[in-house]
Amino acid sequence: MLSTRTTPGMLLAVAGTLFVAGCGSDDPTVPEVLAPDFPTLGADFATQFCIRGTLAPDNTVSGELTTGDCETVSPVGSGPGSYFEGWRVRVGQTGSVTIQTGSGYDTFVDLFRIDDLGAPDLENLIIFDDDSGPGDNGRFTITLEAGTEYWVMVSGFDASDLGPYTLEARY
């Protein structure tokens with residue numbers, strides 16, 4: 001298990017792997033996040049799928065969809081031409097996890113299993129959602145297995161759905 005204190009919006013690249021990183025804090029209101037170590041992620045994969053960091057259960061991360069993000073081109077998730085960002089998810093213990101987006105626009109969220117760090121495709125798509133969360137936000141609850149690599153794709157429903165969002169995972 002890797003124990004870190006998080007600071008929103010800070011990314012760290014180590015050996016081609018992107019991590020959400022934070023400086024230590026003496027502030028007791030900053031939650032301690034326990035997440036398993038992630039295997040090395042190739043820089044090509046991270047770039048091609050706009051991996052922005054890691055999402056540990058019982059944690060919330062922030063992102064922002066812009067026209068500079070990756071553009072969807074497949075029938076997976078939202079429509080072609082929308083923009084997306086990806087987040088790695090790995091749990092330390094098998095259990096039911098709710099993943100939810102929060103934004104002021106229509107978000108779509110997909111969960112893929114990454115077996116070989118190849119391109120996410122329909123064979124690796126586990127679940128997706130458009131509007132089960134509050135407003136037009138995506139939300140689903142699913143059992144995640146310990147030690148399995150997952151990838152969450154957050155996208156706008158169409159190309160005009162851009163702006164800040166939150167992504168939350170809760171046991």
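Keep in mind it's a predicted model, so treat the numbers as computed, not measured. (Residues numbered from 1 in each chain as written. Predicted model: local features only at pLDDT ≥ 70, side-chain atom pairs only at ≥ 80, totals over all residues. Heavy atoms only, no water.)

Asks: So, the nonpolar core: which residues are in play, and what are the values?
Replies: Counting 20 residues, the largest nonpolar core has Ile-99, Leu-111, Leu-144, Val-152 and Leu-167 as the members making the most contacts within it. Breaking this core down by element, the ones donating at least two residues are β6 (59-65), β8 (83-89), β9 (95-103), β10 (107-113), β12 (139-144), β13 (150-156) and β14 (163-170). Ranked by size, the runner-up nonpolar core spans 13 residues in total, among them Phe-49, Cys-50, Ile-51 and Cys-70. (Core = buried A, V, L, I, M, F, W, Y, C linked by side-chain atoms within 4.5 Å. Buried < 20%, exposed > 50% of the residue type's maximum accessible area, 1.4 Å probe, protein only. Helix = DSSP H or I, 4+ residues; strand = E, 2+ residues; numbered from the N terminus.)

Asks: Requested: an account of the sheet that holds β12, with residues and values cited.
Replies: Spatially, the 4 strands line up as an open sheet ordered β6-β14-β9-β12, and their pairing is antiparallel. Edge positions in the open sheet fall to β6 and β12, since each of these has one partner strand only. On average, each strand axis in the sheet is tilted by 20 degrees relative to the strand beside it, whichever way the strands run. As defined by bridge partners, β9 adjoins β14 across 6 bridges and the pair is classed as antiparallel. Directly across from Gly-102, in β14, lies its bridge partner Thr-166. (Pairing = 2+ DSSP bridges. Axes fitted to C-alpha atoms, helices over the stretch in contact; angles between N-to-C directions.)

Asks: Run through unusual backbone geometry, naming residues and quoting values.
Replies: One non-glycine residue with positive phi stands out, namely Cys-50, at about 45 degrees. Mapping Cys-50 onto the fold places it in the loop between α1 (43-48) and β5 (51-55). Residue class for Cys-50 comes out buried when judged on its relative accessible area of 5%. Unlike most non-glycine residues, Asp-58 shows phi in positive territory, near 65 degrees. Mapped onto the fold, Asp-58 is located in the loop between β5 and β6.

Asks: Which residues make up the state of the cysteines, and what are the values?
Replies: Counted under the stated rule, the structure contains 1 disulfide. Between the sulfur of Cys-50 and that of Cys-70 lies a disulfide, 2.0 Å long from S to S. Handedness of the Cys-50-Cys-70 disulfide follows from its S-S torsion of about 95 degrees: it is right-handed. Placement of Cys-50 in the loop between α1 and β5 and of Cys-70 in strand β7 (residues 70-71) is noted, with a sequence separation of 20 residues between them. Exposure remark for Cys-70: the relative accessible area of 11% places this residue in the buried category. (Disulfide = S-S within 2.5 Å.)

Asks: Account for the packing of aromatic side chains, with residues named and values stated.
Replies: On inspection of all chains with the given rule, the structure shows 4 aromatic pairs. The interplanar angle of 75 degrees and the centroid separation of 5.7 Å between the aromatic rings of Phe-49 and Trp-151 together place this pair among those described as edge-to-face. Residue Phe-49 is located in the loop between α1 and β5, and its partner Trp-151 is located in strand β13; the two are separated by 102 residues in the primary sequence. Its relative accessible area of 2% is what places Trp-151 among the buried residues. A centroid spacing of 6.1 Å and a plane angle of 90 degrees characterise the contact between Phe-84 and Trp-151, whose relative ring orientation is edge-to-face. Of this pair, Phe-84 sits in strand β8 while Trp-151 sits in strand β13; the two residues are 67 residues apart in sequence, bridging distant segments of the chain. We classify Phe-84 as buried; its relative accessible area is 6%. An aromatic cluster of three or more residues is present, and its members are Phe-49, Phe-84, Phe-112 and Trp-151. (Phe/Tyr/Trp six-rings, centres within 6.5 Å; stacked < 30°, edge-to-face > 60°.)

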